[in-house]
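# Structural features, examined
As a plain string of letters, each chain reads:
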Amino acid sequence: QVQFVESGGGLVQPGGSLRLSCATSGFTFSNYRMSWYRQAPGKERELVALISSAGSNTNYADSVKGRFTISRDNAKNTVYLQMNSLKHEDAAVYYCNAVQGTTIPTMTPFFGWGQGTQVTVSS
């Protein structure tokens, strides 16, 4: 059974930082590209960061480029998202998933979703 357990969210002031973690199980983590998605209230879920199976290549949505960094530890079956210079518009529930596709707009998730972790940006 595939599981994603996201953690690390919380309340942060604008300009602050958070590091999200996603522990995975039930599939061969090192074989899959991994991504972080987010969903704000009333909006569709969007992919914000993508990392190759070996961790050598990353890609980001324009809205987070230069502020967010995705990484992974294949020995721990875990993917991370370092978020810096947070803005109000980054507030959302963040999810991870394995993905398939060729470019960020065409990526689709392989599996069902975990519970996500809430990020709130407020002064």
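Here the structure is shown first, and the text comes after it.
The paragraphs below set out a description of the structure included in this document.

Criteria and thresholds
Residues numbered from 1 in each chain as written. Predicted model: local features only at pLDDT ≥ 70, side-chain atom pairs only at ≥ 80, totals over all residues. Heavy atoms only, no water. Disulfide = S-S within 2.5 Å. Helix = DSSP H or I, 4+ residues; strand = E, 2+ residues; numbered from the N terminus. Buried < 20%, exposed > 50% of the residue type's maximum accessible area, 1.4 Å probe, protein only. Core = buried A, V, L, I, M, F, W, Y, C linked by side-chain atoms within 4.5 Å. Contact = heavy atoms within 4.5 Å. Pairing = 2+ DSSP bridges. Axes fitted to C-alpha atoms, helices over the stretch in contact; angles between N-to-C directions. Polar contact = N/O pair within 3.5 Å; in protein donor to acceptor, adjacent residues only side chain to side chain.

Further remarks concern the state of the cysteines. Tallied over the full model, the rule gives one disulfide. For C22, the disulfide goes to C96, at an S-S distance of 1.7 Å. Here C96 lies in strand 9 (residues 92-100) and C22 lies in strand 3 (residues 18-25), a separation of 74 residues in the sequence. Assigned by exposure class, C22 and C96 land together as buried.

Another point: the nonpolar core. Counting 28 residues, the largest nonpolar core has M34, W36, I70, V79, L81, M83 and Y94 as the members making the most contacts within it. Those elements giving two or more residues to this core turn out to be strand 3, strand 4 (33-39), strand 5 (46-51), strand 7 (68-73), strand 8 (78-83), strand 9 and strand 11 (117-121). Looking at this core element by element, the count peaks at four residues for strand 9. Not counting residues up to four positions away in its chain, the partners in contact with Y94 are E6, L20, W36, Y37, R38, F68, L81, M83, G116, T117 and V119. One finds Y37, L50, V99 and I104 within the second-largest nonpolar core, a separate group that totals six residues.

With that out of the way, let us pick up the sheet that holds strand 1 (residues 3-7). The strand order across the open sheet formed by four strands is 1-3-8-7, and the pairing between neighbours is antiparallel. Since the sheet does not close on itself, it has two edges, and those belong to strand 1 and strand 7, each with one partner. This sheet shows a mean twist of 15 degrees between the axes of neighbouring strands, independent of strand direction.

Position of T117 relative to the elements: it lies in strand 11. In terms of polar contacts, T117 uses its side chain to reach the backbone amide nitrogen of G9, at 2.9 Å. Residues within four places of T117 in sequence aside, it is in contact with E6, S7, G8, G9, L20, A92, V93 and Y94.

By themselves, these observations are geometric and do not establish any function.
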